[in-house]
Amino acid sequence: MKLVSDLDVKGKKVLVRVDFNVPLKDGVIRDDNRMVQALPTIKELLDKGAAVILMSHLGKISYKKTPEEIEEAKKKNNMVFLVNHLQELLPKNDVSFCPDTRGEKLAYFVDMLKPGEVLLVQNTRYEKGEEKNDSVLSQEWASIADAFVMDAFGSAHRAHASTYGVPEAMKAEGKPVAVGFLVEKEVENLTRCVEVKPEDRPYVAILGGFKVSDKIKVIDSLLKKCDKILIGGAMAYTFKKALGYTVGTSPVESDQLDYAKKCFEEAKGRILLPVDSVVTNGFEGWTEKKVVGQDIPEGYEGMDIGPETAKIYASEIAKSKMVFWNGPMGVFEQSDFAVGTIEICKAIAELKGAFTVIGGGDSAAAVAQFGYKDEFSHVSTGGGASLEMIENDGHLPGIDIIRG
Ligand code: ADP
Ligand code: MG
């Protein structure tokens, strides 16, 4: 796979697909991490004398809505909100903004762009054809640059025009395509979790979060690779119910009970489930909180793993050489139920010399919020993309198209 540093880009125009899908509120950037993570690739190209065209999506724009609603969504997700901040992040280079996503205006802005300058193009999702991987759109975008760099790891699981159609078209035209430093780092770290080396064992996976159905493919993939899987979060209760325990009013996916039972049996003791839980009498407006053992009484709901479970999981983590974690252990957004997730963070922080990775949007947010981000070998910037990487044995469409 070609890397951005392998490209000869002096005097060339390079189109870089970045993931600038930052959390925005009323036009204010809440967290610029995604922009910051793209800087090494952008700077490499600028330092080598390229003119850099940046494309990204921002937010969601549904074309099934009324014309007024579509206009509203476009206004809310206007990329112009990002330009001033990008200029601050790149103080030595001129940053400009093209308000159009295609046509004469885009061609003009690209034409005017000089080496060492950056052009941010309007939200790719302003085009209906973006998510459809429209070939005419892809060809137009491919025609504006001499080379393509994929550095939008968070969007690499989507075969859209800007992530798939464009590199495909550029390759067909004989133009060079490569991945950026962020994608390189993500691929390297997540591949280690799916192509397991003997020295990385024991390999422990920690899975939590809300739904079993969201994570079936991840569970299946990890079961083939891991020595132990520690399950927490809401999805633990589907497993517990499938095994005949009472779960009170805990969230259970009835249509996943057979899967959970089969999965647990086939794992032959390699799947660990909570032996105790923090429960409340209801999800919202609860008045009573307590710790219960294997069974959850009628009228109570599991909100977090209990202290005994946290201890058992911590001891499994302490014995491991590699950890992959996805999904919080409880309703971590409320401090009453963040303890289980924090205990797992602590166990990982105490683990020395092991390779530890966390992926998933909420999971990464949780470890950052609790101050444990730096304790991990790698915190993936991709939510869905990091999970699909694990599910698909290290393959994502937006990266495979560069590889192939
Ligand atoms: P990620 O985004 O990291 O893949 P998920 O989206 O699968 O993680 O799960 C995160 C969500 O799961 C959080 O909003 C959290 O509150 C919820 N959750 C975890 N445990 C429970 C529980 N016991 N009951 C209800 N929700 C839970
Ligand atoms: Mg999530």
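Higher on the page you've got the structure.
So, here's what we can say about the structure.

A short note on the site of ligand 1
Reasoning step 1: Around ligand 1, 19 residues are found, and the nearest of them are K215, G302, E333, D362 and S363.
Reasoning step 2: For ligand 1, an oxygen atom lies 2.7 Å from a polar atom in the side chain of K215.
Reasoning step 3: With respect to ligand 1, the side chain of S363 contributes an N or O atom lying 2.5 Å from an oxygen atom.
Reasoning step 4: Taking 570 Å² as the accessible area of ligand 1 by itself, protein coverage stands at 86%.
Reasoning step 5: Taken together, the elements giving at least two residues each to the shell around ligand 1 come down to strand 14 (301-305) and helix 13 (361-369).

Structural notes on the sheet that holds strand 13 (residues 289-292)
Reasoning step 1: The strand order 13-12-14 describes an open sheet built from three strands, whose pairing is antiparallel. Each end of this open sheet is capped by a strand with a single partner; those strands are strand 13 and strand 14. Each strand axis lies, on average, 35° off the axis of its neighbour in the sheet, ignoring direction.
Reasoning step 2: With four bridges joining them, strand 12 (residues 277-280) and strand 13 adopt antiparallel strand pairing. Bridging across to strand 13, T280 finds its partner in K289.

Notes on the side chain of S155
Reasoning step 1: As for its placement among the helices and strands, S155 is situated in the loop between strand 7 (147-150) and helix 6 (161-172).
Reasoning step 2: Setting aside anything within four residues of it in sequence, one finds S155 in contact with R17, D19, H57, M150 and T163.

Considerations on the pattern of salt bridges
Reasoning step 1: With the rule as written, the count across this model stands at 18 salt bridges.
Reasoning step 2: Here D393 and K225 are joined by a salt bridge, their closest N and O atoms 2.8 Å apart. With a gap of 168 residues between them, D393 in the loop between helix 14 (384-391) and helix 15 (397-403) and K225 in helix 8 (residues 212-225) connect regions that are remote in the sequence.
Reasoning step 3: The partner of K311 in a salt bridge is E308, and the shortest N-O contact between them spans 4.0 Å. One end of the pair is K311 and the other is E308, both in helix 11 (residues 307-318) and three residues apart, which spans about a single turn.
Reasoning step 4: By relative accessible area, which is 57% here, K311 ends up exposed.
Reasoning step 5: For E308, a relative accessible area of 39% corresponds to the partly exposed category.

About the cut-offs
- Residues numbered from 1 in each chain as written.
- Chains lettered and ligands numbered in written order.
- Predicted model: local features only at pLDDT ≥ 70, side-chain atom pairs only at ≥ 80, totals over all residues.
- Heavy atoms only, no water.
- Near = heavy atom within 4 Å.
- Polar contact = N/O pair within 3.5 Å; in protein donor to acceptor, adjacent residues only side chain to side chain.
- Areas by Shrake-Rupley, 256 points an atom, 1.4 Å probe, with all protein chains shown as cover.
- Helix = DSSP H or I, 4+ residues; strand = E, 2+ residues; numbered from the N terminus.
- Pairing = 2+ DSSP bridges.
- Axes fitted to C-alpha atoms, helices over the stretch in contact; angles between N-to-C directions.
- Contact = heavy atoms within 4.5 Å.
- Salt bridge = Lys/Arg side-chain N within 4 Å of Asp/Glu carboxyl O.
- Buried < 20%, exposed > 50% of the residue type's maximum accessible area, 1.4 Å probe, protein only.

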